[in-house]
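If you want the building blocks of each chain, they are given just below.
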Amino acid sequence: MAVGKGAAPAALGLLEQVEFAWHDCCGDVTPGEDVVADMLTCSQGDLGRMIRFARPAVEDARYSRMAADEIRPAKNGPGTGEFTC
């Protein structure tokens with residue numbers, strides 16, 4: 001699990017809120033899989049970080065993409081994991 005079994009219900013609730021916000025801000029029913037994947041990557045398994053990255057993911061998904069790319073080792077070597085919201 002991305003945030004652990006105990007935090008899963010809260011994480012799913014957050015993702016539902018992100019969908020509502022995405023619809024209101026962008027007009028699409030849901031954010032793309034890449035936006036959700038970036039948000040989960042940025043969370044690094046921590047619900048608090050997931051909450052902090054939810055708003056930037058909706059406001060400007062490019063921010064979340066840059067932050068996730070800093071964390072992902074496949075694209076940028078070992079990744080720093082130091083990018084914060």
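Our subject is the structure listed above.
What this report covers is the structure whose coordinates are included nearby. These numbers come from a predicted model, not from an experiment.

Digging into the environment of Ala-57
Okay, step 1: Position of Ala-57 among the secondary structure elements: in helix H3 (residues 47–59).
Okay, step 2: Separated by 35 residues in the primary sequence, Ala-57 and Trp-22 have C-alpha atoms spaced 8.9 Å apart.
Okay, step 3: Setting aside anything within four residues of it in sequence, one finds Ala-57 in contact with Trp-22, Val-35, Met-39 and Ser-64.

Considering the nonpolar core
Okay, step 1: Of all hydrophobic cores here, the largest spans 17 residues; its most connected members are Val-18, Met-39, Cys-42 and Met-50.
Okay, step 2: When residues of this core are assigned to their parent elements, the largest contribution, five residues, is made by H3.
Okay, step 3: Look past the residues within four positions of Val-18 in its chain and what remains in contact with it is Pro-31, Met-39, Ala-54 and Val-58.

Quick notes on the environment of Gly-48
Okay, step 1: Position of Gly-48 among the secondary structure elements: in helix H3.
Okay, step 2: Judged by relative accessible area, Gly-48 falls into the partly exposed class, the value being 29%.
Okay, step 3: Between the C-alpha atom of Gly-48 and that of Ala-11, which follows or precedes it by 37 residues, the distance is 9.6 Å.

A short note on the packing of helix H2 (residues 33–43) against helix H4 (residues 61–71)
Okay, step 1: The geometry of H2 relative to H4 is characterised by a closest axis approach of 8 Å and an angle of 50° between their N-to-C directions. It follows from the interaxial angle that H2 and H4 lie oblique. In the packing of H2 onto H4, the handedness of the crossing is left-handed. Here Asp-34, Val-35, Asp-38, Thr-41 and Cys-42 of H2 lie close against H4, whose contacting residues are Ala-61, Ser-64, Arg-65, Ala-67, Ala-68 and Ile-71.
Okay, step 2: Of the residues belonging to the contact of H2 with H4, the class tally is six nonpolar, two polar and three charged.

Re the packing of aromatic side chains
Okay, step 1: Within this structure, the stated rule accounts for one aromatic pair.
Okay, step 2: Geometrically, the ring pair formed by Phe-53 and Tyr-63 is stacked, given 6.4 Å between the ring centres and 25° between the ring planes. Of this pair, Phe-53 sits in helix H3 while Tyr-63 sits in helix H4, and the two are 10 residues apart along the sequence.
Okay, step 3: Judged by its relative accessible area of 0%, Phe-53 is buried.
Okay, step 4: Looking at Tyr-63, the relative accessible area reads 26%, which means it is partly exposed.

With respect to the pattern of salt bridges
Okay, step 1: Applying the stated rule across the entire model yields six salt bridges.
Okay, step 2: In this structure, Arg-65 and Asp-38 form a salt bridge, with 2.7 Å as the shortest nitrogen-oxygen distance. Here Arg-65 is found in helix H4, whereas its partner Asp-38 is found in helix H2, with 27 residues between them in sequence.
Okay, step 3: The class for Asp-38 is buried, based on a relative accessible area of 2%.

Parameters and conventions
- Residues numbered from 1 in each chain as written.
- Predicted model: local features only at pLDDT ≥ 70, side-chain atom pairs only at ≥ 80, totals over all residues.
- Heavy atoms only, no water.
- Helix = DSSP H or I, 4+ residues; strand = E, 2+ residues; numbered from the N terminus.
- Contact = heavy atoms within 4.5 Å.
- Core = buried A, V, L, I, M, F, W, Y, C linked by side-chain atoms within 4.5 Å.
- Buried < 20%, exposed > 50% of the residue type's maximum accessible area, 1.4 Å probe, protein only.
- Axes fitted to C-alpha atoms, helices over the stretch in contact; angles between N-to-C directions.
- Parallel < 35°, antiparallel > 145°, perpendicular 65-115°, else oblique.
- Left-handed = near helix turned anticlockwise from the far one by under 90°.
- Nonpolar A, V, L, I, M, F, W, Y, C, P; charged D, E, K, R; others polar.
- Phe/Tyr/Trp six-rings, centres within 6.5 Å; stacked < 30°, edge-to-face > 60°.
- Salt bridge = Lys/Arg side-chain N within 4 Å of Asp/Glu carboxyl O.

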